[in-house]
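What follows is the residue order along each chain.
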Amino acid sequence: MTLEDLYREVIMDHYRRPRNRGALADANVVMEGVNPLCGDEIKLWLSIDDAGLITGAAFDGHGCSISQSSASIMTAAVVGKPLADAHAVIAGFRSMMLEGETPDEALLGDGVALEGVRKFPVRIKCAVLSWNTLQLGLDEHATAGGQRVELHHSES
Amino acid sequence: MAVPTSTAAGLDAAAIRADFPVLAEQVHERPLVYLDNAATSQKPRAVIDALHTYYETYNANIHRGLHALSERATAEYEAARARVASFINAAHPHEVIFTRGTTEAINLVARGWGDENVSEGDEILLTEMEHHSNLVPWQMLAKRRGAQLRYIPMDVEGRIDLEAYARMFGPRTRLVAVTHMSNVLGTITPAAEIVEIAHTHHVPVLLDAAQSIPHLPVDVQALGADFVAFSGHKMLGPTGIGVLYGRESLLDAMEPLFGGGSMIRVVELHQSTWTGLPEKLEGGTPNIAGAIGLGAAVDYLDRVGMPNITAHEHALTEYALNLLGDLEGVCVFGPPDATDRGGVISFYVGDVHPHDVGTLLDADGIAVRAGHHCAQPLMRKLGVAATARASLYLYNTEYEVDCLAEGITRAKSFFA
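Thresholds, definitions, all that
- Residues numbered from 1 in each chain as written.
- Chains lettered and ligands numbered in written order.
- Predicted model: local features only at pLDDT ≥ 70, side-chain atom pairs only at ≥ 80, totals over all residues.
- Contact = placed C-beta atoms within 7 Å.
- Helix = DSSP H or I, 4+ residues; strand = E, 2+ residues; numbered from the N terminus.
- Nonpolar A, V, L, I, M, F, W, Y, C, P; charged D, E, K, R; others polar.
- pLDDT = per-residue confidence, 0-100.
- Pairing = 2+ DSSP bridges.
- Axes fitted to C-alpha atoms, helices over the stretch in contact; angles between N-to-C directions.
- Domains from an automatic or database assignment.
- Buried ≥ 20, exposed ≤ 12 C-beta atoms within 10 Å, placed from the backbone.
- Expected span 1.5 Å × (residues − 1).
- Arc of directions from axis to C-beta.

Colleague: Help me understand the interface of chain B and chain A, please; the structure alone is not making it clear to me.
Modeller: Many analyses report the size of an interface as the accessible area lost when the parts associate. With eleven residues of chain B at the contact, the number on the chain A side is ten residues. A total of five residues in the side of chain B that touches chain A trace back to one element, the largest contributor, which is helix α12 (residues 354–363) of chain B. Residue composition of the side of chain B that touches chain A, grouped by class: five nonpolar, five polar and one charged.

See the structure below:
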């Protein structure tokens with residue numbers, strides 16, 4: 001176990017220069033995820049068009065480097081993708097983080113950099129917070145029939 | 001790899017460290033620097049041996065066997081109670097009730113005393129810096145009984161406004177429940193004054209002494225406190241054992257939290273009567289080994305001498321506050337100097353999240369706590385979601401504080 005497993009260069013890059021940070025004005029899915037145990041907070045915005053394409057994804061929040069870089073990586077991984085692909089990315093990321101499946105770099109992009117977090121079990125929840133929140137937001141969007149969705153998620 | 005030892009006070013740090021086997025451990029191939037004592041302390045060999053000896057040579061249940069082992073176990077268990085009573089200068093050993101820890105001790109008061117003495121519209125005075133274990137039981141009691149919780153004004157350093165406190169008393173004030181030392185800020189509260197003011201209004205005081213009794217000489221009679229709760233594992237003892245000290249008359253009038261074995265006098269099919277103190281409040285087979293281990297811990301603390309421990313930690317806290325205060329971008333919470341302050345040092349490192357600080361220090365073998373420290377209302381008052389916290393004890397050294405400062409500097413540049 002080395003610090004480099006956790007703080008990979010890609011992760012530190014997303015932490016220092018977050019992608020897609022800041023509110024998305026025309027979002028139709030707005031999500032908030034918190035981890036009450038450590039105080040990490042993530043706000044997510046998605047714009048999903050009528051054809052089911054994610055035309056915009058953004059985040060804001062505060063918390064440790066892992067939670068914030070993971071959110072940055074995630075927004076970059078799903079923006080421009082059809083919903084079905086976004087579901088596949090989330091599923092791939094969660095199976096890597098939670099079940100130890102070998103990640104598919106073509107699918108996850110920079111998300112594979114977070115694999116090393118598995119060696120720091122207490123930090124896994126930091127990495128998956130935004131992804132769990134996004135999954136719940138997409139589920140809510142699917143049942144809302146085109147209505148704007150606002151969701152608050154708290155990790156247990 | 002030996003860790004150099006040095007100490008400003010008269011403690012022989014090298015000799016003390018040799019008594020704690022875990023301090024020789026390596027963490028990530030680095031010598032362990034254990035600075036998480038406010039969470040739990042390490043155990044000297046004397047405590048570990050006491051547990052071994054009990055289990056290996058006289059393991060038996062207490063207060064019921066007519067055989068030799070049970071008699072010895074009973075004698076050792078009660079001797080531990082007497083040692084703890086003398087350690088805090090309780091008037092009687094039976095004023096020491098063994099519990100699982102501070103949390104159970106406070107819940108025992110909230111149920112056993114609170115349900116009997118707190119009614120709708122009554123008020124309980126607390127502070128915003130209470131650990132959740134001295135907050136949630138009172139919220140639960142307030143909900144059950146329709147009572148109100150009121151908060152004694154204090155500043156962000158944890159200094160209580162005694163004049164404002166004195167004005168809070170009214171005909172409905174039933175209890176004051178305050179920490180004796182903040183587990184986040186390190187602030188030592190003026191317990192004797194708090195008690196004195198409450199007593200002029202005939203209101204009892206519960207002190208959460210989980211952080212103070214391991215580090216300061218505490219005389220419960222001199223303080224005048226009515227209830228004092230503390231945990232064994234923060235004072236060199238095992239986990240799963242703690243103490244509720246209570247004034248005899250208050251404990252006598254309390255209802256038990258647990259009905260069951262050993263707390264009864266006569267059990268009939270539809271009713272029972274309780275036995276006397278302390279057994280009335282210790283239903284079920286207690287943590288016998290834990291109590292015996294706590295007795296050994298108290299003996300160890302007595303041998304080193306609590307005034308020496310306090311002096312050592314005071315000097316080390318001053319050293320740490322100076323060192324950390326000089327680090328650019330490091331913000332230390334709590335009183336800025338070591339006056340009325342214990343060795344619990346919460347800090348923030350620039351923009352680096354406390355969890356990242358904790359992970360980076362861990363990679364250097366340095367154990368600190370990062371999080372909300374079970375004090376979410378205080379975190380809100382401080383305007384942070386979490387802090388990193390280093391907490392000192394008798395075996396810590398200036399060298400280890402140097403390691404901490406170097407680790408913080410490395411963490412800062414790692415995230416720069």
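Colleague: Just to check I follow, could you spell out the confidence of the model for chain B for this structure?
Modeller: Low pLDDT marks regions whose predicted coordinates should not be analysed in detail. Residues and elements named next belong to chain B. Of the residues in chain B, 98% reach a pLDDT of 70 or more, and the chain-wide mean stands at 95. Here residues 1–8 is modelled with pLDDT under 50, and outside its nearest four sequence neighbours on either side it reaches 19 contacts, counting other chains as well. Scored by ipTM, the complex comes to 0.87, with pTM at 0.93.

Colleague: Help me out: how do you make sense of the sheet that holds strand β16 (residues 369–371) of chain B in this one?
Modeller: Consider a sheet: its strands pair through backbone hydrogen bonds, and that pairing is either parallel or antiparallel. Residue and element names in this part refer to chain B. The four strands lie next to each other as β13-β14-β17-β16, forming an open sheet whose pairing is antiparallel. In this open sheet, the two strands that pair with only one neighbour each are β13 (330–332) and β16. Taking the axes of each pair of neighbouring strands and ignoring which way they run, one obtains an average angle of 30° across the sheet. Judged from the four bridges that link them, strand β14 (residues 344–349) and strand β17 (residues 387–391) form a sheet pairing that is antiparallel. When the bridges of β17 are listed, Phe347 appears paired with Ala388.

Colleague: Mind showing me how you'd approach the domain arrangement of chain B here?
Modeller: All names here are of chain B. Taken domain by domain, chain B comprises domain 1 (13–31 + 305–414) and domain 2 (48–303). Its C-alpha centre places domain 1 at a distance of 28 Å from the equivalent point of domain 2. Contacts between domain 1 and domain 2 engage 24 residues on the former and 21 residues on the latter. With five residues, the single largest contributor to the side of domain 1 that touches domain 2 is helix α11 (residues 306–325). Of the residues assigned to the side of domain 1 that touches domain 2, the class counts are twelve nonpolar, seven polar and five charged.

Colleague: Which parts of the structure should I look at to understand the environment of Ala311 of chain B?
Modeller: Residue and element names in this part refer to chain B. Counting through the fold element by element, Ala311 comes out in helix α11. Among the residues examined, Ala311 registers 16 C-beta atoms within 10 Å and is labelled partly exposed. Along the chain, Ala311 and His233 lie 78 residues apart, while their C-alpha atoms are 21 Å from each other.

Colleague: Looking at this structure, I do not really get the sheet that holds strand β2 (residues 40–48) of chain A. What am I missing?
Modeller: Residues and elements named next belong to chain A. Read across the sheet, four strands follow the order β3-β2-β1-β4 without closing on themselves; strand pairing throughout is mixed. The outermost strands of the open sheet, each flanked by one partner alone, are β3 (54–62) and β4 (149–154). Ignoring which end each strand starts from, the neighbouring axes of this sheet average 15° apart. In the sheet, strand β1 (residues 29–35) pairs with β2 via seven bridges, with the strands oriented antiparallel. Of the residues in β2, the one forming a bridge with Met31 is Leu44. Against the sheet, helix α3 (residues 65–78) makes contact with β2 and β3, and its axis sits at roughly 175° relative to β3, the strand it touches most.

Colleague: Before we go on, may I ask you to explain helix α4 (residues 83–99) of chain A in this structure?
Modeller: Two residues of an α-helix separated by three or four positions point the same way, owing to the 3.6 residues in each turn. Residue and element names in this part refer to chain A. With 17 residues, α4 ought to run about 24 Å at 1.5 Å a step, and its terminal C-alpha atoms sit 23 Å apart, in line with that. Every buried residue of α4 is listed here: Ala86, Val89, Ile90, Gly92, Phe93, Met96 and Met97. Looking straight down α4, one finds that the buried residues subtend no more than 160° of arc, so they occupy a single side. For α4, the exposed residues lying more than 90 degrees away from the buried face are Ala84 and Glu99.

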